[in-house]
Amino acid sequence: MRDDKIGARLNKSRKLMALEVEFPLSQRRTFTMNKEHNFPQNMKETLINNLVRQAPPGEFINVFNDIRFLVKDDKIMHEQAAEAWALHNKDYFTPMVKDGLEVLLSRHNDLGNSRFFDPDQKVAFHYCHLTGEIKDPQLYPIEMNEDELWRMAFNESLSEYVKRNFSAGNCSVYRKPGRGKNIFVACIEGHQFNPSSFWNGLWKSEWMFDLTPPVTKAMGNIMVQVHYYENGNIHLTAAKSVEETLFLNNEIEASKDFTELVESADREFQTALMEEFKILSDQTLKELRRQLPVTRANLDWNKILAPQILKTETA
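Everything numeric here is computed off the predicted structure, so don't read it as measured data.

A. Layout of the state of the cysteines. Per the stated rule, a full pass over the model turns up 0 disulfides. Of the cysteine sulfurs around Cys187, a residue in no disulfide, the closest is that of Cys171, at 9.3 Å. Here Cys187 falls in the buried class, since its relative accessible area comes to 0%.

Right under this line is the structure:
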């Protein structure tokens, strides 16, 4: 470990939470990828791509602008950022609420060439990841059959749950064709972006199950990611996988049971997360600090600093 940098990665024993802490350097050397450094084109592209893909939720534009300042090459930045921003939006289920559409951007409704579809409004559209603009909206034909009625029931029930429990949350349920069966995918995202207080956070979950009555297996992945960056750089990531049995008697009962299943898993995950965060705050983070005696007495800094000030003035 270098002397001018203090870093620590903490992995909890339950493998629920990972924390990465980086303290600011006393002196930082900055550089730019200009002609003086003679970076090969392919190396520039690799560096830019790797850096922008690490952008935390809600901070892609900030990371983009910082790298743009270093690279000083707008052409290559826009070429590399377009693809990376598309992956960023799909990985974090970025909500797209505009022009009467309300859908999450994900790999499940990606039609290719930056086109996505909204299964509820049955509209396909082109989305520019760099500007956030929607272009060329067109009707997207979805057959109104029994499977679609099931999807709509699941979407309605899950939407009510998200509205009750997330102050800034969104969800989408997609139906994907499989081998002789339909696969349902439910995506949830809830975010809190607070750059004025130097932190951003995202809660997202993805659930998948086959529509194979009378019973199926629902498999879910829940993830929380938080970034705090005032006078330091702290990344917190927590994740959990869930597998539960889901009965498919009819669409109304099944959608209700599925929502209760999601709510139970979320609550259990949140409780475990708060317990581990308390341990992290009370024990682990304190171990990173320099151990000092606790005197419970005020220090007279004027008295302590007076001799040093006097020496300075005399010199």
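More follows now that the structure is in view.
B. Spotlight on the confidence of the model for the protein chain. Scored by pLDDT, the protein chain comes out at a mean of 82, with 79% of its residues at no less than 70. For the stretch residues 1-15, pLDDT sits under 50, and the model shows 30 contacts to residues farther than four places along the chain or on other chains. Scored below 50 in pLDDT, residues 21-31 makes 20 contacts in the model with residues more than four places away or belonging to other chains.

C. Seen up close, the pairing of strand β11 (residues 199-210). Within β11, 9 of the 12 residues are buried, leaving the element largely enclosed by the surrounding structure. Relative to β11, strand β10 (residues 182-194) runs antiparallel, the two sharing 12 bridges. By the bridge assignment for β11, Ala186 is matched with Trp207. Hairpin remark: β11 followed by strand β12 (residues 215-228), antiparallel, with 4 residues in the connecting loop.

D. Main features of the nonpolar core. Within the largest apolar cluster, 29 residues are counted, with the highest numbers of intra-cluster contacts made by Phe154, Leu158, Trp207 and Phe258. When contributions to this core are tallied by element, the ones reaching two or more residues are α4 (146-165), β9 (169-177), β10, β11, β12, β13 (233-247) and α5 (251-288). Among the elements that line this core, the one with the most residues is α5, at 7 residues. The contacts of Phe154, once residues within four sequence positions are left out, are Val173, Phe184, Phe209, Leu246, Leu248, Ala254, Ser255 and Phe258. Membership of the second largest hydrophobic core comes to 14 residues, among which are Val103, Leu104, Phe125 and Cys187.

E. Main features of the pairing of strand β7 (residues 123-127). Taking burial as the measure, the 5 residues of β7 include 4 buried ones, the bulk of the element. As paired strands, strand β6 (residues 115-118) and β7 are joined by 4 bridges and run antiparallel to one another. Looking across to β7, one finds that Phe116 is bridged to Phe125. Following β6, the chain reverses through 4 residues before pairing antiparallel with β7; Lys122 in that reversal takes a positive phi of roughly 55°. Both β7 and strand β8 (residues 134-139) contribute to a ladder of 4 bridges, which runs antiparallel. Bridge assignment links His126 to a residue of β8, and that residue is Lys135. Between β7 and β8, which follow one another and run antiparallel, lie 6 residues, and Gly132 among them has a positive phi close to 80°.

F. Just the sheet that holds β6, in detail. Read across the open sheet, the 4 strands follow the order β5-β6-β7-β8; overall the sheet is antiparallel. Two strands lie at the open edges of the sheet, namely β5 (110-112) and β8, each paired on one side alone. Taken pair by pair, the neighbouring strands of this sheet meet at an average axis angle of 30°, ignoring direction.

G. Here's a closer look at helix α1 (residues 41-52). Taking 1.5 Å per residue, 12 residues should reach 16 Å; α1 reaches 17 Å between its end C-alpha atoms and fits that length. Residues of α1 that are buried make contact with α2 (60-71) and α3 (74-91).

H. Representation of the packing of α1 against α3. Where α1 meets α3, the axes come as close as 9 Å, and the angle between the chain directions of the two elements is 40°. Taken together, α1 and α3 sit at an angle that is classed as oblique. Here α1 runs over α3; the crossing is right-handed. For the pair α1 and α3, the contacting residues are Gln41, Lys44, Glu45, Ile48, Asn49 and Val52 in the first and Ile76, Met77, Gln80 and Ala84 in the second. Considering only residue class, the contact of α1 with α3 consists of 5 nonpolar, 3 polar and 2 charged.

Here is what the cut-offs are and how they apply
Residues numbered from 1 in each chain as written. Predicted model: local features only at pLDDT ≥ 70, side-chain atom pairs only at ≥ 80, totals over all residues. Heavy atoms only, no water. Disulfide = S-S within 2.5 Å. Buried < 20%, exposed > 50% of the residue type's maximum accessible area, 1.4 Å probe, protein only. pLDDT = per-residue confidence, 0-100. Contact = heavy atoms within 4.5 Å. Helix = DSSP H or I, 4+ residues; strand = E, 2+ residues; numbered from the N terminus. Pairing = 2+ DSSP bridges. Core = buried A, V, L, I, M, F, W, Y, C linked by side-chain atoms within 4.5 Å. Axes fitted to C-alpha atoms, helices over the stretch in contact; angles between N-to-C directions. Expected span 1.5 Å × (residues − 1). Parallel < 35°, antiparallel > 145°, perpendicular 65-115°, else oblique. Left-handed = near helix turned anticlockwise from the far one by under 90°. Nonpolar A, V, L, I, M, F, W, Y, C, P; charged D, E, K, R; others polar.

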